Amino acid sequence: MLDRIEAGSERQRQFVADASHELRSPLSTIKAAAEVAQASEDPARFGQLAGEVGAEADRMEVLISDLLDLARLDETTGVRMEPVDLRSVCRAAVGRLPAGDIAIELAPGDATVSGDAEQLERAIFNLVLNARQHATRQVRVSLSSSGGRAVLDVDDDGPGIPAEDRERIFERFVRLDSSRARQTGGAGISLSLVRLIVDRHQGTIEVGEAPELGGARFRVELPAVAAS
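Residues numbered from 1 in each chain as written. Predicted model: local features only at pLDDT ≥ 70, side-chain atom pairs only at ≥ 80, totals over all residues. Heavy atoms only, no water.

When you look at the side chain of aspartate 156 in this model, what are you seeing that I'm missing?
Locating aspartate 156 in the fold gives a position in strand β5 (residues 149-156). Each residue touching aspartate 156, except ones within four places of it in the same chain, is listed here: Ala131, His134, Ala135, Gln138, Val139, Ala210, Leu213, Gly214, Gly215 and Ala216. (Helix = DSSP H or I, 4+ residues; strand = E, 2+ residues; numbered from the N terminus. Contact = heavy atoms within 4.5 Å.)

Put into structure tokens, the structure is as follows:
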């Protein structure tokens, strides 16, 4: 028991240290931009700095939201179980994304699972956001049911993920050197949050190749239930 308590305390200390490091980066960028703005008299430069500050503030907002969700889920063990229409959840998650140049397609298909709609929406939002960050032109979200399982696929036409990294990307605060850089890949928390939510719903998640779009495919499988 003492070993488990010590291990838990060590995980908490490491989590706080990693979170502090991640939050320090956007704060440093915002502070540097403010200092440059104070020293500059070029109006055009002000606009550029405002864009940089806005981007870093957005990244910090997502990071803080992910950290809070991780902390909340770490403190709980159960999931509120009720019938969830995954198509409606997918539509809501895609609708939360700000407008951009990447086309996001919600393909025909339906599936119903038992779980927490809010948590599932967060997981799908993170998956689609991750796909959009690495896509070239297109992201496709599709649903199906087979053999008592609901299947959610999130495909993109980006560079894909090397086979040797397809498990590591779900670890907390992990980025891939090439396709998960800080500028595009966030803080390395969003996918670990997805896995935690999927695990809580007795599901699985794996990464492969998108057969049609050519990039990465994130596949989530959850126990399906009959639609009410």
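Next, the rest of the story.
Any chance you could explain the pattern of salt bridges here in plain terms?
With the rule as written, the count across this model stands at 12 salt bridges. Measuring nitrogen to oxygen at the nearest pair gives 3.6 Å for the salt bridge that ties arginine 96 to glutamate 121. One end of the pair, arginine 96, is in the loop between α3 (86-95) and β2 (103-106); the other, glutamate 121, is in helix α4 (residues 117-134), and 25 residues separate them in sequence. A salt bridge links arginine 140 to glutamate 105, with the shortest nitrogen-to-oxygen separation between them at 3.0 Å. With arginine 140 in strand β4 (residues 138-146) and glutamate 105 in strand β2, this pair connects stretches of sequence that are 35 residues apart. Ionic contacts of the salt-bridge type, sharing partners, join the residues Asp153, Asp155, Arg217 and Arg219 into one network. (Salt bridge = Lys/Arg side-chain N within 4 Å of Asp/Glu carboxyl O.)

Explanation requested: the packing of aromatic side chains in the structure shown.
Aromatic rings in a pair are described by how distant their centres are and how their planes are angled relative to each other. Applying the stated criterion across every chain, the model contains one aromatic pair. Taking 6.2 Å as the distance between ring centres and 80° as the angle between the ring planes, the aromatic pair formed by phenylalanine 170 and phenylalanine 218 counts as edge-to-face. With phenylalanine 170 in the loop between β5 and α5 (182-185) and phenylalanine 218 in strand β7 (residues 216-223), the pair connects residues that are 48 residues apart, well separated along the chain. Each member of the pair phenylalanine 170 and phenylalanine 218 is classed as buried. Positioned above the aromatic ring of phenylalanine 125 is the side chain of arginine 96, whose terminal nitrogen or guanidinium carbon lies 4.0 Å from the ring centre. Looking at arginine 195, its charged tip hangs above the ring of phenylalanine 170, at a distance of 4.4 Å from the centre. (Phe/Tyr/Trp six-rings, centres within 6.5 Å; stacked < 30°, edge-to-face > 60°. Buried < 20%, exposed > 50% of the residue type's maximum accessible area, 1.4 Å probe, protein only. Lys NZ or Arg CZ within 6 Å of the ring centre and 35° of its normal.)

What exactly am I supposed to notice about the packing of α3 against α4 here?
Packed helices, taken two at a time, are described by the angle their axes make and the gap between the axes. Relative orientation of the contacting elements α3 and α4 amounts to 55°, with a least axis distance of 8 Å. In terms of their interaxial angle, α3 and α4 are classed as oblique. In this structure, α3 meets α4 at a crossing whose hand is right-handed. Contacts between α3 and α4 involve Leu86, Val89, Cys90, Ala92, Ala93 and Val94 on the former and, on the latter, Ala117, Leu120, Glu121, Ile124, Phe125 and Val128. Residues that form the contact of α3 with α4 fall into these classes: 11 nonpolar, no polar and one charged. (Axes fitted to C-alpha atoms, helices over the stretch in contact; angles between N-to-C directions. Parallel < 35°, antiparallel > 145°, perpendicular 65-115°, else oblique. Left-handed = near helix turned anticlockwise from the far one by under 90°. Nonpolar A, V, L, I, M, F, W, Y, C, P; charged D, E, K, R; others polar.)

How do you make sense of helix α6 (residues 190-200) when you look at a structure like this?
Three- or four-residue spacings in an α-helix give side chains the same orientation, since the helix completes a turn every 3.6 residues. The element α6 is largely enclosed, with a buried count of nine among its 11 residues. Here α6 has its buried residues at Ser190, Leu191, Ser192, Leu193, Val194, Leu196, Ile197, Val198 and Arg200. Where α6 ends, the next residue or the one after it, glutamine 202, has phi of about 55°, a positive value.

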